[in-house]
Amino acid sequence: MTVEAEATRAGDTGGPVDRRGSAWPNRRRWLVPLLLVGGWLLGTAWRIWLARHASMPFAHTDEDSYLNTARALAGGPGGFSSENETLRRIGYPLLIAPAFLLDRDFVDTYLLVRVINAALNATVLPLAYLLGRRLLGLRPGPALAAAAGAATLPAVAFHATVAMTDAVLGPLLLAWLLAVHRLVERPGPVAAAVCGTLVGAAHLVHSRGVVIVAGFALLALALVVRRRLDPAALLAAVLPVLAAVLANEAGVRLLGETVQLLGNPASGNVGRAVTSVRGLSQVLASVGTQVWYLTVVTFGLAGLAGAEAVTRLCRRGGAATRWTFGVALLTTVGVAVGAEAVLAGIPDRVPDAIYARYVQMFAPFWMLVGIGLLFGVAYRPLLRRAGAAVLLLAAGGALIHLRLAHAAAQGAPLRWGGFSAPDLMALTGGWRQLRPLVGSAIGVAGCLLLVLVLATRHRTARIRLLGVVLAVLVVVNVATMQVITQRLIRPLAAAGTPVPGVTDLGVRPPERVAASTGVPYQLRFNLSHQVTWTEVPWFRDRPPADAEVVFARWTPGEPDDWDGTRYGFVRLGGDPHRKWAGWRRR
């Protein structure tokens, strides 16, 4: 595959090139930028539309934590966060904090948060296009098609519907890998500073950024050893990372005790988890499952890309592309291992069949690389890459199936929840249980289809068939997101949205409000969000002495029904079917 030659030709001519290498006519030079801007706007609107049923958070407690922190950063009341001191980050709350400055009802604020999410998440399209052009050497048409496939991938688009860090991590990772390619290709202070700034941003946004910092440190060290990075460039690379670390610490200290942390550090549990045979086997099995997941949800393309990356690392030449692939492989595996090690160290935690959230940000990149191979690698080498992907899928599906069966036989079935891997649920119909054999079959079918298409000898016919396949891929991605919306987002949003709302009960500022832990947590959190003027403390049975309004459990005729008349309250209303009511002190 001509990885850097094509990019160089494009740079020499000052714009996109046609098959003969000549510059496009002036009237067509603006076509690609217009398509990218239009695609970004369409992608933003699509992401907002996907979340149209959710006027309240439904991914508890992660959304609640980020929203409460953002509100506190904007000068509002605090709340709780499920983070702990070790893993706490303020980057994402800082991004969405402006939505709270307008002092609107929470429903309006939450909509603004998702608009911010959608706009940032949709930048996957132009970033993927640039990677296709510069890293993979694709022409404008194939690069646009590959970018469209990556931008519509549910693994990245889903997170635009929730107030979570993952909404921005996908595009942030693509931007960083683009900067890595530039830094290796043309080392210098500017490229180093851009790369370091993106690394610092990743550290600010989530603890996964620690792995990216480590990967970047190894890259910078290798460039220094090879005398490709001078002291000035190294300083430009390091300073933004240090600034991000200090900024996070400053933000945490600024918040002080405004946001109460409910998470407990894993402390020594992580070490014990990875040094015991059982713990280490669990971590390795989970990491393998995540790699298998990436291959399935990209219909085998990530498997092709991974095999190509490993092959490139064993060869000489094409340093910028080879090093970028190496960094991508390192961080993908590093995040998978690190996340599973931390999760395994949590006391009394029920192991997941799969928890793919932490590696989903890598899915667009590996899909993009896989699509790039279809346009640039000869048939025989591509057949070998496809064989490796099929082997991974088949072996992975069988091993995961055996692992699930063994856990069930031991009386300790692995957990399988709505946010474990929503795209895998939709593709396999596995809403109640993980279906690894079905997932492997989908991935293998995707590989075989690609092999058949590429077996077409006539080049023009092959390119046209690839175009059709990529169009179908985009349609499948969009349809999968629609299924996720109907089967997951819509019912969860409906179940967690309190009816009537807080304002419908007549609760207004500056009334002091508290909530009982007897109220189902989804409703308790969303009732608390609607109280925008004060923090809502929790209580078990006896409300705080200064509380003027409380939300409590309402289960008529049952022992746990809360009787507010004992404390001088009168019921305002609520929903006994959802087990909550609002009370005001007489």
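Residues numbered from 1 in each chain as written. Predicted model: local features only at pLDDT ≥ 70, side-chain atom pairs only at ≥ 80, totals over all residues. Heavy atoms only, no water.

1. Regarding the nonpolar core
Ranked by internal contacts, the top residues of the largest apolar core, which has 140 residues, are W176, L183, F216, L219, Y293, F365 and L424. If one sorts the elements of this core by residue count, helix α10 (residues 166–185) sits on top with 13 residues. For F365, the residues in contact, after removing those within four places along its chain, are L131, L135, L174, L177, F325 and A328. (Core = buried A, V, L, I, M, F, W, Y, C linked by side-chain atoms within 4.5 Å. Buried < 20%, exposed > 50% of the residue type's maximum accessible area, 1.4 Å probe, protein only. Helix = DSSP H or I, 4+ residues; strand = E, 2+ residues; numbered from the N terminus. Contact = heavy atoms within 4.5 Å.)

2. Here's the deal with the pattern of salt bridges
Summed over the entire model, instances satisfying the criterion amount to 14 salt bridges. Residue R312 is joined to E308 by a salt bridge in which the shortest nitrogen-to-oxygen separation is 2.8 Å. Taken as a pair, R312 and E308 lie in helix α16 (residues 301–313) at a separation of four residues, close to a single helical turn. We note a salt bridge from R553 to D560, for which the minimum N-O separation is 2.7 Å. Using a relative accessible area of 35% as the deciding quantity, one classes D560 as partly exposed. Ionic contacts of the salt-bridge type, sharing partners, join the residues D62, D166, R208 and R357 into one network. (Salt bridge = Lys/Arg side-chain N within 4 Å of Asp/Glu carboxyl O.)

3. Here we look at helix α6 (residues 106–121)
Taking 1.5 Å of rise per residue, 16 residues should cover 22 Å, and α6 covers 22 Å from first to last C-alpha, within 8% of that figure. Taken residue by residue, α6 has F106, T109, Y110, V113, R114, N117, A118 and N121 as its buried positions. (Expected span 1.5 Å × (residues − 1).)

4. Re the sheet that holds strand β4 (residues 538–539)
Spatial ordering of the open sheet is given by β4-β3-β5-β7-β6, a layout of five strands whose pairing is mixed. Every other strand in the sheet has two partners, leaving β4 and β6 (569–575) as the edge strands with one partner each. Pairing of β6 with strand β7 (residues 580–585) involves six bridges; the strand directions are antiparallel. When the bridges of β7 are listed, G574 appears paired with A581. Each of β3 (513–516), β4, β5 (549–552) and β7 is contacted by helix α23 (residues 521–530), which is oriented at about 175° to β3, the strand it contacts most. (Pairing = 2+ DSSP bridges. Axes fitted to C-alpha atoms, helices over the stretch in contact; angles between N-to-C directions.)

5. Topic: the confidence of the model for the protein chain
Taken residue by residue, the protein chain gives an average pLDDT of 91. The fraction at 70 or more is 94%. Ranking the helices and strands of the protein chain by mean pLDDT puts β5 first, with 98, and helix α1 (residues 5–13) last, with 37. (pLDDT = per-residue confidence, 0-100.)

6. Notes on unusual backbone geometry
H60 connects to T61 through a cis peptide bond whose omega is 5°. Structurally, the position occupied by T61 is in the loop between α3 (31–50) and α4 (62–73). Here the bond from V499 into P500 is cis, since omega is 5°, no more than 30 degrees from zero. Its location among the elements puts P500 in the loop between α22 (459–496) and β3. At D103, a residue that is not glycine, the phi angle is positive and equals roughly 55°. With respect to the element layout, D103 can be found in the loop between α5 (91–96) and α6. The backbone phi angle of F299 is positive, close to 55°, even though this residue is not glycine.

7. Let's talk about the packing of α4 against α23
Running from N to C, α4 and α23 cross one another at 20°; their axes reach a closest spacing of 12 Å. Taken together, the axes of α4 and α23 are roughly parallel relative to one another. The chirality of how α4 crosses α23 is left-handed. Side by side, α4 and α23 meet where D64, L67, N68 and R71 of the first sit next to F525, S528 and H529 of the second. When the residues that make up the contact of α4 with α23 are grouped by side-chain class, the tally is two nonpolar, three polar and two charged. (Parallel < 35°, antiparallel > 145°, perpendicular 65-115°, else oblique. Left-handed = near helix turned anticlockwise from the far one by under 90°. Nonpolar A, V, L, I, M, F, W, Y, C, P; charged D, E, K, R; others polar.)

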